[in-house]
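# Structural overview for review
Spelled out, the chains give:
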Amino acid sequence: MSGSSTSTVIAGVGMHPWGKWGRPFVQYGVHAARAALADAGIPWTDVDLVVGGETVRNGYAGYVAGSTFAQALGWNGARIATSYAACATGAQAIDTARARILAGMSEVALVVGADTTPKGFLAPNAGERWEDPDWLRFRLLGMTNPAYFAMYARRRMDLYGATQEDFAQVKVKNSRHGLTNPNARYRKEVGVEDVMSSAVVSDPLHLLDICATSDGAAAVVLVSDAYARRLGLTDPVKVAAVSTVTPTFPNTVLDMPMLSTDAGTPGNRTFKQSIGAAAYEEAGIGPEDVDVAEVYDLSTALELDWMEDLGLCKEGEAEALLRAGDTTLGGRIPVNPSGGLACFGEAVPAQALAQVCELTWQLRGQAEGRQVEGARVGITANQGLFGHGSSVIVTR
């Protein structure tokens, strides 16, 4: 796996703790970037490419995040790029950096994502935009994020017999995982009753089933194999695959908040299933090789969906794995040992990068208090809606 022609070395990772700090997003990004460079032992002057994850909430500086971070760190002549793919932004930014390294056009790439978020759930920018599907889902359907999380949850209940208690157990597990994570926003253990007694936001999901919106940042330093050797990295963590595939029609499942889809015959992969499948194919491995997963738990029920979409279990079996303790630390396939978005909340351009940071620490054996013993292969998953999604596989 480490010899794959698509692999790139992760030399350093860094984060700014998640929270509601109320400061400019650039401060968070610079903090994470400097932490990643220090982790790698690489001077800023060696960085020849900066890829920024765009944030739509922070004006022009957020739209041109690559140059914003490059300027804040001190112009050094590096090339720049900016990526946006909603919640999959960080993975797309990694893919941009990786592509230039593999093409021989870069040796040291710094990938940074950071965000400052408003209070409450994320909503489209102001104005009437009748060609904008994100605006239309709110205007025509009232389809806020918690509403479509709830529709996915209701689908699990109807198809597989999932219960609200099952969903609550996901939060219980992740809250326990995040207790010792210094970057997590919420470090408090909760019980099933705490979840069940919290306010219903969108039936069947309660407040503690749904992730918050947060400020935060994450950064990854990617380098070429040749540079890694010069740096003295003998057994590094590598990016073995990045999947950013789009949906393939016909599609038999209406993937909310899409407003329509083509009809098809049973057996076609859904969009989310295709994301993981493409990553496995590129890395030359299968779900059975995965030791740890960081998946997109915008809601507790969505974590269960992603376990199946990534092939970590068969459809309808995620609840059984959860109940058996297979997805907790010490289990067969720990999911979200970082605490997940349940403990972090959403800082959109940073969250796919934060997952790679966590898996890097896991594969290095540096995830103190939440270590998955012997982890050598990790996978991430994110969805950014409307054909955006990502999965990253890291190996050692």
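Please read all numbers here as calculations on a predicted model, not as lab measurements. (Residues numbered from 1 in each chain as written. Predicted model: local features only at pLDDT ≥ 70, side-chain atom pairs only at ≥ 80, totals over all residues. Heavy atoms only, no water.)

### Observations concerning the overall build of the chain
Heads up, the rule is: Secondary structure elements are defined from DSSP: runs of H or I of at least 4 residues count as helices, runs of E of at least 2 residues count as strands, and each element is numbered from the N terminus. Computation of the radius of gyration draws on C-alpha atoms alone. For the globule rule, the value is 2.2 Å times the number of residues to the power 0.38. Only protein chains enter the accessibility calculation, which uses a 1.4 Å probe; a residue whose area is less than 20% of its type maximum is buried, one above 50% is exposed, and one in between is partly exposed. What makes two residues a contact is simply this: any of their non-hydrogen atoms within 4.5 Å. To measure how exposed things are, a 1.4 Å probe is used in the Shrake-Rupley method; for residues, cover is taken only from the protein chains shown. We score Asp and Glu as negative and Lys and Arg as positive, and we do not count His or the chain ends. Charge coordinates come from a single atom per side chain, which is NZ of Lys, CZ of Arg, CG of Asp or CD of Glu.
On a plain count of helices and strands, the chain comes out with 14 helices and 12 strands. Taking 396 residues into account, the globule formula puts the C-alpha radius of gyration at 21 Å, and the chain, at 20 Å, falls close to it. Each of the three principal axes of the chain carries a C-alpha extent, and together these read 55 × 50 × 45 Å. Evaluated residue by residue, the chain yields a buried proportion of 58% over its 396 residues. The long-range fraction of contacts in the chain, counting pairs at least 24 apart against all pairs at least 6 apart in sequence, stands at 75%. Carbon together with sulfur atoms contributes 52% to the accessible area of the chain, which is approximately 15200 Å² in total. Averaging the positions of the 32 positive and the 43 negative side-chain charges in the chain gives two centres separated by 5 Å.

### Quick word on the pattern of salt bridges
As a reminder, the rule being used: Between Lys or Arg on one side and Asp or Glu on the other, a salt bridge is scored when a side-chain nitrogen of the former is within 4 Å of a carboxyl oxygen of the latter.
Scanning the entire structure with this criterion turns up 19 salt bridges. Two residues, lysine 272 and aspartate 309, come together in a salt bridge whose shortest N-O distance is 3.8 Å. Residue lysine 272 is located in helix α10 (residues 271-283), and its partner aspartate 309 is located in helix α11 (residues 300-309); the two are separated by 37 residues in the primary sequence. For lysine 272, a relative accessible area of 5% translates into the label buried. Connected through salt bridges with shared partners, the residues Arg156, Asp305, Glu308 and Glu319 form a single ionic network.

### Quick word on the pairing of strand β4 (residues 108-115)
Look at any regular strand and the pattern is simple: side chains alternate between the two faces of the sheet. Note the threshold: By the convention used here, strands pair only if DSSP detects at least 2 bridges between them.
Here β4 lies mainly inside the structure; 8 of its 8 residues are buried. The side-chain alternation of β4 yields two buried faces, one formed by Val108, Leu110, Val112 and Ala114 and the other by Ala109, Val111, Gly113 and Asp115. Pairing of strand β2 (residues 49-53) with β4 involves 5 bridges; the strand directions are parallel. Along β4, the bridge assignment pairs leucine 49 with alanine 109.

### Some words on helix α4 (residues 89-102)
Selection rule: What a helix is expected to span follows from its residue count: subtract one and scale by 1.5 Å.
In this model, α4 (14 residues) spans 20 Å end to end at C-alpha, consistent with the 20 Å of a helix rising 1.5 Å per residue. For α4, the full list of buried residues reads Thr89, Gly90, Ala91, Ala93, Ile94, Asp95, Ala97, Arg98 and Ile101. Positive backbone phi, approximately 80°, marks glycine 104, located one or two places after α4.

### Details of the packing of aromatic side chains
To keep it simple, the criterion reads: Stacked, edge-to-face and tilted are the three classes for Phe, Tyr and Trp ring pairs, Trp counted by its six-membered ring, which pair at centre distances within 6.5 Å; planes under 30 degrees apart are stacked, over 60 edge-to-face, the rest tilted.
Taken as a whole and judged by the stated rule, the model has 5 aromatic pairs. Where phenylalanine 25 meets phenylalanine 69, the ring centres are 5.8 Å apart and the plane angle is 75°; that geometry is what we call edge-to-face. With phenylalanine 25 in helix α1 (residues 25-40) and phenylalanine 69 in helix α3 (residues 65-73), this residue pair connects regions lying 44 residues apart in the sequence. Grouping residues by exposure puts phenylalanine 25 and phenylalanine 69 together as buried. A ring pair is formed by tryptophan 130 and tryptophan 135, whose centres lie 4.8 Å apart and whose planes are at 75°; its orientation type is edge-to-face. Using a relative accessible area of 46% as the deciding quantity, one classes tryptophan 130 as partly exposed. Of the residues examined, tryptophan 135 reaches a relative accessible area of 6% and is grouped as buried.

### Observations concerning the UniProt feature "domain: Thiolase C-terminal" (unreviewed entry) in the chain
We apply this condition: UniProt positions are given in the numbering used here, feature names are shortened, and annotations may be inferred rather than shown by experiment.
When the UniProt feature table is mapped to this numbering, "domain: Thiolase C-terminal" (unreviewed entry) covers residues 275-394. Across residues 275-394, the secondary structure splits into 40% helix and 15% strand, with the terminal C-alpha atoms separated by 15 Å.

### Considering the nonpolar core
What counts here: Throughout this description, the term nonpolar core refers to a set of buried Ala, Val, Leu, Ile, Met, Phe, Trp, Tyr and Cys residues connected via side-chain atoms within 4.5 Å.
Of all hydrophobic cores here, the largest spans 49 residues; its most connected members are Phe167, Tyr280, Leu298, Leu310 and Ile393. Within the second largest apolar cluster, 38 residues are counted, among which are Trp18, Val51, Val239 and Val394.

### Digging into helix α7 (residues 164-177)
For α7, built from 14 residues, the straight-helix expectation of 20 Å at 1.5 Å per residue is met to within 8% by its first-to-last C-alpha distance of 20 Å. Among the 14 residues of α7, 10 are classified as buried, and the element is accordingly described as predominantly covered. Every buried residue belonging to α7 is among Asp166, Phe167, Ala168, Val170, Lys171, Val172, Lys173, Asn174, Ser175 and His177, and all of these are buried. Where α7 is buried, its residues meet α6 (145-160), α8 (192-197), β6 (205-206), α11, α12 (318-324) and α13 (340-344).

### Description of the environment of asparagine 145
In plain terms, the rule: Think of a polar contact as two N or O atoms within 3.5 Å of one another; within protein, one of them needs to be a possible hydrogen donor and the other a possible acceptor, and neighboring residues in sequence only count if both atoms come from side chains.
Tracing the backbone through its elements, the reader meets asparagine 145 in helix α6. If near-sequence neighbours (up to four positions away) are discounted, asparagine 145 is found in contact with Arg137 and Glu346. In terms of polar contacts, asparagine 145 uses its side chain to reach the side chain of arginine 137, at 2.8 Å.

### As for the side chain of threonine 68
Among the structural elements, threonine 68 can be located in helix α3. Filtering out sequence-adjacent residues up to four positions away, threonine 68 remains in contact with Phe25, Val26 and Ala61.

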